[in-house]
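Chain by chain, the residues run as shown.
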Amino acid sequence: MKLSFAISVASLLCATAQAQIVADDCASPNPAVGAGTHDWDNSAATTGAEGQTEASCYAFGTSGIDADVWTEYLAGSTGCASITVCNAVGSITDSKIAVYPAGGCPTAGTSLACNDDTCGLLSEVSLNTVAGQTYLIQLGNFPGAAPGTSQIDIIESGGSGLPVISSQDDCANATTDVVGPGSYRFNTLSATTGTQGQNEALCYAVGTTGIDNDVWFVYTATVDACAQISTCNSDQPCAIFADTKIAVYPGTGCPTDGTSIACNDDACNGLRSQVVFPVVSGQSYLVQIGSFPGAAAGSGIVDIAEVNCPVVLSNQDDCGNASVDTIGPGQFGWDNLLATTGTEGQTEASCYKFGTSGIQSDIWALYVPEANGSVTIESCGSVGNTNTDTKIAAYPAADCSMIDGTSVACNDDTCGLLSQITFSVNCGQSYLVQLGSFPGSGDGTATMFINETGAPCGPGPIGFTPTECNPGNPNSTGVPATIRAEGQELASAMDVEVIAESVPPGQFGYFFASRTLGFIPNPGGSLGNICVLGNQGRYNNVSQIGTGPTLNLDVGTINVPTNPAPGEMIMPGDTWYWQCWHRDIGNNNNFTNVVGVLFN
């Protein structure tokens, strides 16, 4: 069966009853309605010429909307509005909705939103609104479907349950919104571009330091940790901010030039932004969010999480001292500003790019795998740092005088001017990692991410990772959550523990198991994929639900819970598969990859 998720739906407050929407001519729409529930009837409507060719309305071979009726909608707030037929009572079973700027019949190509099917064959659209502005709504049927009676619910401020910050246009008013960790809607549609925070060196990207249409708020830390502030989830309904930029400053007043402590333009989901910086419990920080200069303003979601700070390497300048930084999978800060350029690893053919094989101001670490499989080592996703043009190489661990010509991977540019290498690894084999800059570029701080896939090393590991759902999709930590198993594969012993790692800190999750594999992408709107299907059982009792970054489950001697109860015993010859579902910030959820155990 499919995995189902409970979805909390906010109750809808119906406005005072208004006249039924029946206007057949877009030139004379029904008088403007506001938020609430409104009846409409297209039983006697004709199909007009307007609004029949919108690209956003194309579905199942047609852009048309049959038997269309029209009304204006007056927005009561700036933010997000959802217009939905999903909760309607009436005879219409196959609807279609479009929305345009008001002011007469729409010009072709001007639709702000359009939808055919969201809930079965019924429709729902979401759009960004400005308080006091009027919009034109077109209601009808999918071509060929029967007209009749129905209702629309107009829900303002997103209907998502997320709090809305007031998006102050003046940094002097930023303390109007003082927030802690969480997810918040914001809006820059009415914002201007201020004079503050436009000349920060940390904000330089693609030829400019500016942040257009900027809004301001204050974040107060609740723990000593690192804060992660992100617009990566701004692709939900009414959160269509495509090209964001974020800067952070100490304190709460308007910033002095040159005081930014973090800034980022592009880090995730194309052109969206994320900053990570150390914070002190109780201290406040000024946050600036806007658009890359020239890009459109918009409405988005900002997620604030307090996470473990990256481990900081000691930045060994000598290849012979690499073992001082002996590391495994994880996130590591590094800085080559004071490093020299050594003689090792400067002539690798795999490193040749733009006329040179060199790696400038290189530092070294010793990487010890924790899995048989593959590893990705990258500076991609390294934000808020001063080294913007990195280069990375890896070698089988050996005497430094012997490593030339032995590189297993090297890369200069994969994600812009940042670097990524992927290569096979084996338990018991260590690797020298060389980190530095492209020759002639600037040195400074960066972040290294090491992510492994494969069967875990160490005494007594069991299981394997099938190709299904491997690797998983990244969560808000920037990497996918992973799963592994430890113990003995004897059915009689039942000494098995499954472990999920890299789950977002503080987010809850649980394991589920089955003897059947499959693949369903993004079930229930999840950011991840589910591959453990069939007669599936979930370990979701209170005592079995854990929170990130690591979840553990002792399978022990209990039956595997399946549907229907009481479950099934693990028998010799069985292969069982486990996967972990977890919540994520921004009202999202995700999955790990899969681990399977063949029991003897």
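Counting of residues starts from 1 at the beginning of each chain's written sequence and follows it residue by residue. Residue-level local features of this predicted model are given only where pLDDT is at least 70; pairs of side-chain atoms are given and counted only at 80 or more, and the full residue set underlies all totals for whole chains, interfaces and linings. Excluding hydrogens and water, the side-chain figures rest on all heavy atoms present in the structure.

**A few points about the state of the cysteines**
Then step 1. By disulfide we mean two sulfur atoms from cysteines, separated by a distance within 2.5 Å. Here the structure, examined in full by the defined rule, presents nine disulfides.
Then step 2. For C226, the disulfide goes to C309, at an S-S distance of 2.0 Å. Between C226 and C309 the sulfur-sulfur dihedral comes to about 110°; the bridge is accordingly right-handed. Of this pair, C226 sits in strand β13 (residues 225–230) while C309 sits in the loop between β18 (299–307) and β19 (311–312), and the two are 83 residues apart along the sequence.
Then step 3. Each residue is placed in one exposure class: buried if its accessible area under a 1.4 Å probe, protein chains only, is under 20% of its type's maximum, exposed if it is over 50%, and partly exposed if it falls in between. A relative accessible area of 34% places C309 in the partly exposed class.
Then step 4. Across a sulfur-sulfur distance of 1.7 Å, C380 and C415 are joined as a disulfide pair. Residues C380 and C415 are joined by a disulfide whose S-S torsion is about -90°; by sign, that bridge is left-handed. Here C380, found in the loop between β23 (371–378) and β24 (390–396), pairs with C415, found in the loop between β25 (409–411) and β26 (420–425); they are 35 residues apart in sequence, far enough to count as distant. The way it works is that DSSP assigns letters per residue, a run of H or I at least four long becomes a helix, a run of E at least two long becomes a strand, and they are numbered from the N terminus.

**So, the sheet that holds strand β5 (residues 95–101)**
Then step 1. Here we have five strands laid out as an open sheet, ordered β1-β3-β8-β5-β6, and mixed in their pairing. What marks the edges here is a single partner per strand, and that holds for β1 (30–33) and β6 (113–115). If you compare each strand with its neighbour and ignore which way they point, the axes differ by 25° on average.
Then step 2. Here, a strand pair is defined by DSSP locating no fewer than two bridges between the strands. Alignment of β1 against strand β3 (residues 66–74), held across two bridges, turns out to be parallel. Each bridged residue has a counterpart across the sheet, and for V33 the counterpart in β3 is Y73. Between N-to-C directions, angles span 0 to 180 degrees; the directions come from axes that are lines fitted to C-alpha atoms, helices contributing only their stretch in contact.

**Brief notes about the environment of I21**
Then step 1. By secondary structure assignment, the location of I21 is in the segment before β1.
Then step 2. Remark: the alpha-carbon pair of I21 and I152, spanning 131 residues in sequence, is separated by 9.8 Å.
Then step 3. Setting aside chain neighbours within four positions, we find I21 in contact with N30, H38, D39, W40, D41, V69, W70, T71, L139 and I152. Two residues form a contact once any of their heavy atoms are found within 4.5 Å.

**Some remarks on the environment of C309**
Then step 1. C-alpha of C309 to C-alpha of A227: the two residues are 82 residues apart in sequence and 8.3 Å apart in space.
Then step 2. In this structure C309 touches A225, C226 and P278, once residues within four positions along its chain are discounted.

**Details of the packing of aromatic side chains**
Then step 1. Here the aromatic set is Phe, Tyr and Trp, taking the six-membered ring for Trp, and pairing holds for ring centres within 6.5 Å; pairs whose planes are under 30 degrees apart are stacked, those over 60 apart are edge-to-face, and all others are tilted. What the rule picks out here adds up to 13 aromatic pairs.
Then step 2. With centroids separated by 6.0 Å and ring planes inclined at 90°, the aromatic side chains of F354 and F438 adopt a geometry described as edge-to-face. One end of the pair, F354, is in the loop between β21 (330–335) and β22 (360–367); the other, F438, is in the loop between β27 (431–437) and β28 (445–456), and 84 residues separate them in sequence.
Then step 3. What makes F354 exposed here is its relative accessible area of 60%.
Then step 4. Note on F438: relative accessible area 15%, which makes it buried.
Then step 5. One aromatic cluster is present, built from ring pairs that chain together Y219, F277 and Y285.

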